[in-house]
Each structure stands twice: as structure tokens, then as C-alpha cells.
Amino acid sequence: MAIALFMKDENGQALVPAAIMFVVVLGFVGFAVDVGQMRLTERQMQIAADSAAMAASIEISNCAGVSNCSAMQSAVKSALAENGIPISALVENCSASGGQRYHNFS
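Residues numbered from 1 in each chain as written. Predicted model: local features only at pLDDT ≥ 70, side-chain atom pairs only at ≥ 80, totals over all residues. Heavy atoms only, no water.

> Give a detailed account of a nonpolar patch on the surface, specifying residues and quantitative values.
Where nonpolar side chains cluster on the molecular surface, the patch consists of Val16, Ile20, Met21, Val24, Val25, Phe28, Val29 and Val33 and spans about 760 Å² of accessible area. In this structure, Met21 sits in helix H2 (residues 15-63). Taking the relative accessible area as the measure of exposure, Met21 reaches 48% and is therefore partly exposed. (Patch = residues over 30% accessible without salt bridge, like charges linked within 9 Å, V, L, I, M, F, W, Y side chains within 5 Å. Areas by Shrake-Rupley, 256 points an atom, 1.4 Å probe, with all protein chains shown as cover. Salt bridge = Lys/Arg side-chain N within 4 Å of Asp/Glu carboxyl O. Helix = DSSP H or I, 4+ residues; strand = E, 2+ residues; numbered from the N terminus. Buried < 20%, exposed > 50% of the residue type's maximum accessible area, 1.4 Å probe, protein only.)

> Can you explain helix H3 (residues 70-82)? Please cite residues and give values.
Helix length check: H3, at 13 residues, gives a terminal C-alpha distance of 18 Å against a target of 18 Å (1.5 Å per residue), a fit within 8%. Those residues of H3 not exposed but buried are Met72, Gln73, Ala75, Val76, Ala79 and Leu80. In an axial view of H3, the angular spread of the buried residues amounts to 160°, which keeps them on one side of the axis. Opposite the buried face of H3, at more than 90 degrees from it, the exposed residues are Ser70 and Glu82. (Expected span 1.5 Å × (residues − 1). Arc of directions from axis to C-beta.)

> Got a sec to walk through the packing of H2 against H3? Specific residues and values, please.
At a minimum axis distance of 8 Å, the contact between H2 and H3 shows a crossing angle of 155°. As far as their axial angle goes, H3 and H2 are roughly antiparallel. In the packing of H2 onto H3, the handedness of the crossing is right-handed. For the pair H2 and H3, the contacting residues are Ala48, Ser51, Ala52, Ala55, Ala56, Glu59, Ile60 and Cys63 in the first and Ala71, Met72, Ala75, Val76, Ala79 and Leu80 in the second. A class-by-class count of the residues in the contact of H2 with H3 yields 12 nonpolar, one polar and one charged. (Axes fitted to C-alpha atoms, helices over the stretch in contact; angles between N-to-C directions. Parallel < 35°, antiparallel > 145°, perpendicular 65-115°, else oblique. Left-handed = near helix turned anticlockwise from the far one by under 90°. Contact = heavy atoms within 4.5 Å. Nonpolar A, V, L, I, M, F, W, Y, C, P; charged D, E, K, R; others polar.)

> Can you break down the environment of Ala55 residue by residue, with the values?
Note that Ala55 resides in helix H2. Separated by 20 residues in the primary sequence, Ala55 and Ala75 have C-alpha atoms spaced 5.5 Å apart.

> Describe H2, with residues and values.
Look at H2: 71 Å from first C-alpha to last across 49 residues, which is about the 72 Å you get at 1.5 Å a residue. Along H2, the largest kink reaches about 25° and is centred on Ser57. Looking at H2, one finds that the buried residues are Ala48, Ala52, Ala55, Ala56, Glu59 and Cys63. In this fold, the buried residues of H2 make contact with H3. (Bend = angle between axes of the 7 residues up to and from the residue.)

Right, dumping it as C-alpha cells:
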């Protein structure tokens, strides 16, 4: 008799689906926070790159066609430092023949 009454009792029947939905919603919130952090970091890196490029372009007239110009490099380093990018993260590959500069921010 007690088992029959227990099986007919419907108290707490919404608890299991609510718990499952809570875990799903919590997963979506975590995903949204991760994507938001990724986009914020991406935007900050783009701002730093843009400001470094602008600082270098301002110094081009002082470099007189020299690809390895110290004024341009110091302007880039200063712009990156102002945007919170540590100078130790800057890796340069400057060649005398106008080579490219590679920056590793990892």
C-alpha cells in the first residue's frame, strides 16, 4: 500500500527537468563569457596593432627610405607599450633589404 502511494505522489516531478535545464543554461552562460572575453582580447590586440601602424607611418618621413629605422621601431614599441602590450613580447626580424617584421604576442 505504501509503495502504491509513493508511486502516485507527483511532488518534485519538475525537479529533474529543471536541474537539467539549469546545467544547459549554465553552459550557455559560460560559452557567452568565453566568446565575450575572446572578442574583447581580439579588439584590444587590433587597437594595439592599429596604433603601432599609425605611429610607424608617422615616422616614415624621418626614416628616409631606410627599412631598419630606429625612430620607427621606437614609435612602434612606444605605441604597443601604451596599449598594454609588453615589449618583451615583441620579436623583430628586420633585414636591410626591406624585410618583413614578425610579431609574436603569445
